[in-house]
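Chain by chain, the residues run as shown.
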Amino acid sequence: MFGILKKKLSKAIKSISEKFKEKEEIEKEKPIEEEPVKEQPIVEEHPVVEEKLVEPLEFKPKVAPKPEVVKPKIELEKIKVEKEPEKEVEKKVEKPKKKFFIKRAIERVTRKIIAKKLDESDLLPVLGELEIDLIEADVAVAVAEKIKNDLLKDLAGKEIKRGKEKEVIVAAFKKSLMDILSVPEIDLKKVAAEKKPVTLLFLGFNGSGKTTSIAKLANWLKSEGFTCVLAAADTFRAASLEQLEEHANKIGVKMIKHKYGADPAAVVYDAIEHAKAKGVNFVLADTAGRVHTNKDLMKEMEKIIRVNKPDLKILVIDSLTGNDAVLQAQAFGELGVDAVVFTKVDVNEKGGAILSVTHELKKPILFLGLGQEYKDFEEFDAEKFVNNVLS
Ligand SMILES: Nc1nc2c(ncn2[C@@H]2O[C@H](COP(=O)(O)OP(=O)(O)OP(=O)(O)O)[C@@H](O)[C@H]2O)c(=O)[nH]1
Ligand SMILES: [Mg+2]
C-alpha cells in the first residue's frame, strides 16, 4: 500500500542523510588546529616568549655581578621593577595556551557527538528533487511545496548528534505530514451516542465507489452493534436500485426506495422517517454520481441537503483519480463536505492524494476502501498512515 509515496519519501530521507555525511567528511578533513585568525599569533609566539622572557627572570639574581656594591635597596628595587613586566608577559602567554588546549579538547569531543549542520544551500537541491517526486506520487503542488518548506525550516542549521541523522530527518517528515493530516476528527460511534438517527449522505464523482462504500459501512456499523437503513437516492443511473438492494439483502439491513426518476430528496426524507419510527441509529443515503460541471445534478444535491439536513456529508474519492482528487474536493467542497472516504487504495500505490485532499478540505478521512469485499474497509488512522509511508 502507498508503495510509490513510500519509495519517494525513503529516497529523500536517504539523500538528506547522505548530505549530512558528505558535510561530515569535509569537516573531518579540516585540521583541528585551524583556529580563528586573531588567536593564531598568540600560539606561534608562545615558545619564543617562553625562552626569551622567562629564562632571564630565573638566572638574573645568580649572574648578577655586583655583590659588593652597597646599594642593596636600589638593587632590590631594580630586580622588582624588572620582574614585574616579565610576570605580566608570562600571564598573557600562559592563559591563551590553556584556553586553546581546552578549546581543542572540546572540539574533539563535539566532533564525536555532533554531525555537521546542513545549511539551506545543502538542502535545497535535495528538497527540490523531493518536491518533484511528491508531485509524481499525486501530492498536489501546494502540498509538496509546504512539505519542502517545513523540512527546510526544520533541518537547515540544525545540529544533529552523530548517528541520529536518519531519526531526526524522519521526525521532520513526520511532523510535516502530521501537520497536514491534523484536522478535527469525527468518531461515528460518538456521533451515534448523541443523536438518533444519524444521517450520512454520500456524494462523489461517477464510479468513485459510493454504493460499495455504503455497503461496507453498513456491514461495519452492524458489526459494531449499530442498526442502519439505506436510502436508494440514486434514482438516476440504470440498475442503481438493484445494486444497492442486493447489498442490503446480503448484509441484512432495510433499504428505502422509490421508482427510477423519483426525487432523491424525498427518498432520503422517507428513510429518515423510517429510522425515527424504528429507532434506527444510521441512515446511509446513496446518491447518483455527478460531475461538478453538471449544474442540474449539483442543484439536485443542494436540494437533498436543504430538505434533509444530513449530519455528515461524506465525499467518496477514488484514489486512482490522482491529482484530479483535489479538483473533486474543491468542487464538492462547495456543498460543505464534512468527511472523506478514500476508495481503491488497494490498487493505488501513490497515496499522495490523501495528503492533498485533506490539505484542501481540512476535513478528516473516515475510511479507506481496500478492495471489493465488505471486510476491505479500514478506519483511517493518520499516524498509522504516516508511519507506514515513512517506514
Ligand atoms: N479495488 C477496489 N474496487 C472498489 C473499491 N470501492 C469500489 N470499488 C469498485 O469500483 C466500482 C464502482 O463502485 P460503485 O460503488 O458502484 O461506485 P459508485 O460511486 O456508486 O458509482 P456510480 O453510482 O455509478 O456513480 C465497482 O466495480 C466497485 O467494486 C475499493 O476500495 N477497491
Ligand atoms: Mg452508485
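Residues numbered from 1 in each chain as written. Chains lettered and ligands numbered in written order. Predicted model: local features only at pLDDT ≥ 70, side-chain atom pairs only at ≥ 80, totals over all residues. Heavy atoms only, no water.

Draft legend 1. The arrangement of the sheet that holds strand S10 (residues 377-379) in detail. Here eight strands make up an open sheet; going across it, the order is S5-S4-S6-S3-S7-S8-S9-S10 and the pairing mixed. Two strands lie at the open edges of the sheet, namely strand S5 (254-256) and S10, each paired on one side alone. Going from strand to strand, the sheet's axes swing by 25° on average, the running direction of each strand aside. Strand direction decides the pairing type here: strand S3 (residues 198-204) and strand S7 (residues 312-318), joined by five bridges, are parallel. Each bridged residue has a counterpart across the sheet, and for Leu200 the counterpart in S7 is Leu312. Helix H12 (residues 324-333) contacts S3 and S7 of the sheet and is inclined by roughly 160° relative to S7. (Pairing = 2+ DSSP bridges. Helix = DSSP H or I, 4+ residues; strand = E, 2+ residues; numbered from the N terminus. Axes fitted to C-alpha atoms, helices over the stretch in contact; angles between N-to-C directions. Contact = heavy atoms within 4.5 Å.)

Draft legend 2. Region of interest: helix H11 (residues 295-308). Over its 14 residues, H11 extends 20 Å from the first C-alpha to the last, a length consistent with the 20 Å expected when each residue adds 1.5 Å. Among all positions of H11, only Leu297, Met298, Met301, Ile304, Ile305 and Asn308 are buried. Looking straight down H11, one finds that the buried residues subtend no more than 110° of arc, so they occupy a single side. Turned more than 90 degrees away from the buried face of H11 sit Lys295, Asp296, Lys299 and Arg306, all of them exposed. Check the buried side of H11 and you find it contacts S3, helix H10 (264-278), strand S6 (282-287), S7 and H12. With a side-chain oxygen lying 3.3 Å from the backbone nitrogen of Asp296, the N-terminal cap of H11 falls on Asn294. (Expected span 1.5 Å × (residues − 1). Buried < 20%, exposed > 50% of the residue type's maximum accessible area, 1.4 Å probe, protein only. Arc of directions from axis to C-beta. Polar contact = N/O pair within 3.5 Å; in protein donor to acceptor, adjacent residues only side chain to side chain.)

Draft legend 3. Representation of the site of ligand 1. In the neighbourhood of ligand 1, 19 residues make up the surrounding shell, with Lys210, Thr211, Thr212, Arg237 and Gln372 lying closest. Arg237 places a side-chain nitrogen or oxygen 2.8 Å from an oxygen atom of ligand 1. For ligand 1, whose accessible area on its own is 650 Å², the fraction buried by protein is 82%. The biggest single contributor to the shell around ligand 1 is helix H8 (residues 210-223), with four residues. The residue inventory of the shell around ligand 1, partitioned by class, reads one nonpolar, 12 polar and six charged. (Near = heavy atom within 4 Å. Areas by Shrake-Rupley, 256 points an atom, 1.4 Å probe, with all protein chains shown as cover. Nonpolar A, V, L, I, M, F, W, Y, C, P; charged D, E, K, R; others polar.)

Draft legend 4. Structural view of the pairing of strand S8 (residues 339-343). Along S8, five of the five residues are buried, which leaves the element largely enclosed by surrounding structure. Burial of S8 is two-sided: the residues Ala339, Val341 and Thr343 facing one way and the residues Val340 and Phe342 facing the other way are all buried. Note that S7 and S8 share five bridges and pair parallel. From the neighbouring strand, Ile317 faces S8, where its bridge partner is Phe342. Handedness of the S7-H12-S8 crossover: right-handed. Across three bridges, the pairing between S8 and strand S9 (residues 365-369) is parallel. When the sheet's bridge partners are listed, Val341 is paired in S9 with Phe367. (Right-handed = clockwise from strand over helix to strand, strands pointing away.)

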